[in-house]
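Residue-level structure breakdown
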Amino acid sequence: MTVTLPAWLAEIPAEEAHPAAFATVSGAHLYGFPSVDSDVDLRGVHLLPLEEVIGLHTGEETLTRSWVRHGVEVDLVTHDLAKFCRLLLRRNGYVLEQLLSPLVVATSPVHQEMIAAAPGCVTRNHAHHYLGFARTQWSLFERSGELKPLLYTFRVLLTGIHLMRTGELEADLTRLTGGPAYLGDLMAAKRSAEHGLLPGDAPDRVRLAHDVTRLTAELEEARDASRLPETSASASILHDLVVRTRLSVRASPEGSR
């Protein structure tokens, strides 16, 4: 799916207190089913200066803020480089998707090195992330009846299956295969409202539950048959990157305490 993002998004990383290693768009825009009223989920990595890591006054590892600009709600979450790399070395598909998102707002040589190290971070255990995420979203759909968590359920299951079979990350539901034929209609319905309910002409819940169960089993089978390693091979690479980057970043006079 082709996504058009506001040009002013590129201004945001430079407005933050710390330099950005990267900023990308995640959420429904990345997943291929944004609504006309979707917020923009901006995710990335900020670089704390050495002084805010080794001193008594340490900087914030995670920065979060939400606001409205030009009528669009923006949700920004960034992690310091070291924290992001620690998450990346776990079975965390969420940060992997942020790093590899093709919807790039800001990049840097550090970002490019992280992307190069990403294949070595992918393990068979990432299946646990996608299975757990799918369970959570399906439960949310059962309680709310909203279309959004249902599409999230299918998206994470199909992303996990593709990752286990190929070692490649694909987060866009419109580019993933193997899902039920009605997903296209559900995505089209989702675009009219971020929190809309399941359309009246959608498959019934018995059919939906059957397809979710089938794809869950398919992901479990793909995990068990996967040739992906059990542990990450990029720990040393990311450690060296964090050290080199940390030594090169100094606090500005305005930001010193």
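It should be noted that the structure appears before, not after, this text.
The following refers to the structure shown. (Residues numbered from 1 in each chain as written. Predicted model: local features only at pLDDT ≥ 70, side-chain atom pairs only at ≥ 80, totals over all residues. Heavy atoms only, no water.)

1. A closer look at the sheet that holds strand β2 (residues 40-46)
If you trace the five strands from one edge of the open sheet to the other, you get β3-β4-β2-β1-β5, paired in mixed fashion. Two strands in the sheet have a free side with no partner beyond their single neighbour: β3 (62-69) and β5 (104-106). When the angles between neighbouring strand axes are averaged without regard to direction, this sheet yields 20°. In the sheet, strand β1 (residues 20-26) pairs with β2 via six bridges, with the strands oriented antiparallel. Counterpart to S26 in the pairing with β2 is D41. Along the sheet, helix α4 (residues 81-88) contacts β1, β2, β3 and β4 (72-80); its crossing angle with β4, the most-contacted strand, is approximately 85°. Across the sheet, helix α6 (residues 109-117) touches β1, β2 and β5, and the angle it forms with β1 is around 60°. (Pairing = 2+ DSSP bridges. Helix = DSSP H or I, 4+ residues; strand = E, 2+ residues; numbered from the N terminus. Axes fitted to C-alpha atoms, helices over the stretch in contact; angles between N-to-C directions. Contact = heavy atoms within 4.5 Å.)

2. Quick notes on helix α8 (residues 147-166)
Compared with an ideal rise of 1.5 Å per residue, which puts 20 residues at 28 Å, α8 spans 28 Å between its outermost C-alpha atoms and is within 8% of the ideal. Burial runs high along α8: 17 of the 20 residues are buried. Just beyond α8, the residue with positive phi is G167, at close to 75°. (Expected span 1.5 Å × (residues − 1). Buried < 20%, exposed > 50% of the residue type's maximum accessible area, 1.4 Å probe, protein only.)

3. A look at the pairing of β1
The element β1 is extensively covered by neighbouring structure, given that six of its seven residues are classed as buried. Both β1 and β5 contribute to a ladder of two bridges, which runs antiparallel. Bridge pairing links T24 to V104 in β5.

4. Digging into the pattern of salt bridges
For the structure shown, the criterion picks out 17 salt bridges. For R43, the salt bridge goes to D75, with nearest N and O atoms at 2.8 Å. Of this pair, R43 sits in strand β2 while D75 sits in strand β4, placing them 32 residues apart in sequence. D75 carries the same exposure label as R43, and that label is buried. D80 serves as the salt-bridge partner of R246, at 3.0 Å between the closest nitrogen and oxygen. You can see R246 sitting in helix α11 (residues 235-248) and its partner D80 sitting in strand β4, a full 166 residues away along the chain. Considered together, R246 and D80 belong to a single accessibility category, that of buried residues. (Salt bridge = Lys/Arg side-chain N within 4 Å of Asp/Glu carboxyl O.)

5. A look at the packing of α4 against helix α5 (residues 93-100)
Packing of α4 against α5 leaves a shortest axis separation of 8 Å and a crossing angle of 120°. Classed by the angle they form, the pair α4 and α5 counts as oblique. As α4 runs across α5, the sense of the crossing is left-handed. Residues F84, L87 and L88 of α4 form the contact with α5, whose participating residues are V95, L96, Q98 and L99. When its residues are assigned to classes, the contact of α4 with α5 shows six nonpolar, one polar and no charged. (Parallel < 35°, antiparallel > 145°, perpendicular 65-115°, else oblique. Left-handed = near helix turned anticlockwise from the far one by under 90°. Nonpolar A, V, L, I, M, F, W, Y, C, P; charged D, E, K, R; others polar.)

6. As for the environment of A181
Examined against the element boundaries, A181 turns out to sit in the loop between α8 and α9 (183-190). Separated by 105 residues in sequence, A181 and L76 place their C-alpha atoms 34 Å apart.

7. Considering α9
Listed in full, the buried residues belonging to α9 are L183, L186, M187 and K190. Take α9 and look down its axis: the buried residues cluster within an arc of 100°, on one side only. The elements touched by buried residues of α9 are α2 (27-31) and α8. (Arc of directions from axis to C-beta.)

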